Amino acid sequence: MTTRVDTDTVVVGLGAMGSQALWRLARDGVDVIGVEQFSPGHDRGSSHGESRIIRTAYLEGAEYVPFVRAAWRAWGELEEASGSRLVVRSGALMLGRPGSGAISGSIAAAEQHGLAHEHLSPAALAERHPRHAVRPDEVGVFEEAAGVVLPEASILAAVRLARQAGARVWTHQAVTRIEPDPDRPRVRIGDTEIRARRVIVTAGAWLPALVPGVAGLGGGIRVERRVLGWFRITGPAPGTAPPEPVFARDEPDGTLWYGFPSMDGGRTLKIGVHAESPEVRASAVRPPGAQWGEPVDPDTGPRPPDEADAHRLGELATGLRGVAPLPERMASCMYTMTPDEHFLIGRRDELPGLVLAGGFSGHGFKFASAVGQAVADLARDGRTELPVGMFDPHRWDTPPTRL
Ligand SMILES: Cc1cc2nc3c(=O)[nH]c(=O)nc-3n(C[C@H](O)[C@H](O)[C@H](O)COP(=O)(O)OP(=O)(O)OC[C@H]3O[C@@H](n4cnc5c(N)ncnc54)[C@H](O)[C@@H]3O)c2cc1C
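Residues numbered from 1 in each chain as written. Predicted model: local features only at pLDDT ≥ 70, side-chain atom pairs only at ≥ 80, totals over all residues. Heavy atoms only, no water.

Along the chain, the regular secondary structure elements total 9 helices and 21 strands. For the chain, the C-alpha radius of gyration of 21 Å lies close to 22 Å, the compact-globule estimate for 403 residues. When the backbone C-alpha atoms are referred to their principal axes, the chain occupies close to 65 × 50 × 45 Å. Long-range contacts, defined as pairs at least 24 residues apart, comprise 73% of the intrachain contacts of the chain with a sequence gap of at least 6. In the form shown here, the chain has an accessible surface area of approximately 16,700 Å², with 52% of it arising from carbon and sulfur atoms. Each charge class in the chain was averaged separately, 44 positive and 50 negative side chains, and the resulting centres sit 3 Å apart. (Helix = DSSP H or I, 4+ residues; strand = E, 2+ residues; numbered from the N terminus. Rg over C-alpha atoms; globule rule 2.2 N^0.38 Å. Contact = heavy atoms within 4.5 Å. Areas by Shrake-Rupley, 256 points an atom, 1.4 Å probe, with all protein chains shown as cover. Lys, Arg positive; Asp, Glu negative; His and termini not counted. Charge placed at Lys NZ, Arg CZ, Asp CG, Glu CD.)

Okay, here's the thing in structure tokens:
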């Protein structure tokens, strides 16, 4: 027998994005149910590992800057409402050769939007950022308006506030089917069917398989494995107060890796690899079948970190002074990659009643506060003032051929 439940809006998946949407809707008095297959703040999706970078001079594209500004404002609202510190300002340091993507992309975004930033010569880098062992051909760009967002704490804060504002939060319940409908889309969880006016789907790595047609958008959305490593700080560190900046470093071989200031009082710091060139992938020493960026079935989860991951992260950590040669702890995580590495936010005509937010391609967390607001607006009003047009899920559609 099917149990039927009615509500205004359902949010499927209470990770980075869904938790924020749930809070925004509940705060505005909307009758909303949030459904999560695990427990909010869990470590089986894309939002664990204690820290995420937020930057403003956006090297992935100057067109993101208005959205990241909206995200800063929205993080401030969540911090105020929750009484918790969720964003730690540390500044950000981009490192690389003068024409590399990290350097030229962040300068372009800063110049186009008049953002404060500093160009650092190799000598200035060595003097001001001794943590980094830079080559003579590497330069830096420093930006003050950057730092660290706390992922698990943010999700828990948003879900707590949503509950307090009246949201129904169903945890340890997996949505098995979503049926689009212009008036009354339905969400199926075992023998329960929720009928709503709108369904927001923020299912992260599970989104492509959960919503019909999404997996193939633009030629295919891929779920990939990534590994994070925490390195013990051994040497005379350049101090922890004020915090060292977050950083991203663009290597001449095409590897883009990043790291954080210590978040545990100077004991360890965390690094990870965002992207690697095909050549580096091919030459890396890895166990058979274990490729960087290997595809993941989210239901099985990414392979646990292994020795090859430790070795790879250790290679990169030689670019840092005063850290142990190998990580003392690692975690694997999932990226959900769209073909153009831009997000997927909005509706599709053949999925009436649904609002999608996914495909965050390894750089979405910093925007979660604004994404939550945007999808809440779209579900409630059918429109949003936030600049999400570039993330339109229809953007890959080819125009109909005229006969
Ligand atoms: C290693 C790593 C480092 C990163 N670094 C950065 C960074 O520095 N800065 C940055 O901005 N971004 C970063 N990102 C990207 C960012 O973390 C992600 O883009 C973001 O967390 C994605 O959020 P999400 O809400 O889409 O997914 P998630 O947070 O994974 O949420 C999806 C939720 O949906 C639930 N769910 C799925 N299917 C169902 C179902 N059927 N029923 C019920 N619940 C369901 C899941 O359990 C999960 O809780 C990083 C990502 C990784 C993996």
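Turning next to the domain arrangement of the chain. In terms of domain boundaries, the chain breaks down into domain 1 (3-47 + 152-218 + 340-391) and domain 2 (87-148 + 222-337). One C-alpha centre belongs to domain 1, the other to domain 2; they are set 30 Å apart. Listed as interface residues are 12 residues of domain 1 and, on the opposing side, 9 residues of domain 2. Across the interface of domain 1 and domain 2, roughly 930 Å² is buried in total on both sides, 58% from carbon and sulfur atoms. It is Ala205, Trp206 and Ser361 in domain 1 that bury the most area against domain 2; as a group they hold 41% of the surface buried on that side. In this structure, the connection of domain 1 to domain 2 is made through 0 salt bridges. Residues of the side of domain 1 that touches domain 2, tallied by class, amount to 4 nonpolar, 6 polar and 2 charged. (Domains from an automatic or database assignment. Buried area = accessible area lost by both parts, 1.4 Å probe. Salt bridge = Lys/Arg side-chain N within 4 Å of Asp/Glu carboxyl O. Nonpolar A, V, L, I, M, F, W, Y, C, P; charged D, E, K, R; others polar.)

With that settled, the discussion passes to the environment of Ala165. With respect to the helices and strands, the residue Ala165 is situated in the loop between helix 5 (151-164) and strand 10 (168-170). When the C-alpha positions of Ala165 and Leu25 are compared, they lie 9.1 Å apart, and in sequence the two are 140 residues distant. Sequence-distant contacts of Ala165, defined by excluding residues within four places in its chain, comprise Ala26 and Arg27.

Here we take up the sheet that holds strand 17 (residues 256-259). The 8 strands are arranged 7-8-6-16-17-18-15-19 in an open sheet whose pairing can be described as mixed. Among the strands making up the open sheet, the edge pair consists of strand 7 (118-120) and strand 19 (329-337). Mean inter-strand twist for the sheet, computed between neighbouring axes without regard to direction, equals 20°. Bridge count between strand 16 (residues 246-250) and strand 17: 4 bridges; the pairing is antiparallel. Along strand 17, the bridge assignment pairs Arg249 with Trp257. Across the sheet, helix 3 (residues 101-113) lies against strand 6 (92-96), strand 7, strand 8 (139-143), strand 16 and strand 17, angled at about 130° from strand 6, the strand it touches most. Strand contacts of helix 8 (residues 307-317): strand 15 (222-232), strand 17, strand 18 (268-275) and strand 19, with the helix running at about 60° to strand 15, the strand carrying the most contacts. (Pairing = 2+ DSSP bridges. Axes fitted to C-alpha atoms, helices over the stretch in contact; angles between N-to-C directions.)

The subject of this paragraph is the side chain of Thr268. Mapped onto the secondary structure, Thr268 falls in strand 18. Among all residues touching Thr268, those that are not within four sequence positions of it are Trp230, Phe231, Arg232, Ile233, Ser262, Met263 and Glu328.

With that out of the way, let us pick up the packing of aromatic side chains. Within the structure shown, the criterion is met by 14 aromatic pairs. Ring geometry for Phe38 against Trp206: centres 6.1 Å apart, planes inclined by 65°, an arrangement best described as edge-to-face. In this pair, Phe38 is assigned in the loop between strand 3 (32-35) and strand 4 (52-54) and Trp206 in the loop between strand 14 (198-201) and helix 6 (207-210), connecting sequence segments 168 residues apart. The pair Phe38 / Trp206 is uniform in exposure class, with both members buried. Ring geometry for Phe343 and Phe360: centres 4.8 Å apart, planes at 50°, overall tilted. (Phe/Tyr/Trp six-rings, centres within 6.5 Å; stacked < 30°, edge-to-face > 60°. Buried < 20%, exposed > 50% of the residue type's maximum accessible area, 1.4 Å probe, protein only.)

A full pass over the atoms with the stated rule returns 36 salt bridges. Taking the shortest distance from any N to any O, the salt bridge between Arg55 and Glu60 comes out at 2.9 Å. On the basis of relative accessibility, which here comes to 8%, the residue Arg55 falls in the buried class. Among the ionic pairs, Arg97 bridges to Asp137, the shortest N-O distance being 2.9 Å. Of this pair, Arg97 sits in the loop between strand 6 and helix 3 while Asp137 sits in the loop between helix 4 (122-128) and strand 8, and the two are 40 residues apart along the sequence. Overlapping salt bridges bring together Arg97, Arg135, Asp137, Glu138, Arg249 and Glu251 as one network.

Glancing now at the site of the ligand. Among the 34 residues in the neighbourhood of the ligand, the closest are listed as Glu36, His42, Ser47, Cys333 and Lys366. At 2.6 Å from an oxygen atom of the ligand is found a side-chain nitrogen or oxygen belonging to Glu36. Between Gln37 and the ligand, the recorded distance is 3.0 Å, taken from a side-chain N or O atom to an oxygen atom. For the ligand, the accessible surface in isolation is 1,000 Å², of which the surrounding protein chains cover 96%. Of all elements in the fold, only helix 1 (16-27), strand 4 and strand 19 reach the threshold of two or more residues within the shell around the ligand. A class-by-class count of the residues in the shell around the ligand yields 18 nonpolar, 13 polar and 3 charged. A domain-level breakdown of the shell around the ligand finds at least three residues from each of domain 1 (3-47 + 152-218 + 340-391) and domain 2 (87-148 + 222-337). (Near = heavy atom within 4 Å. Polar contact = N/O pair within 3.5 Å; in protein donor to acceptor, adjacent residues only side chain to side chain.)

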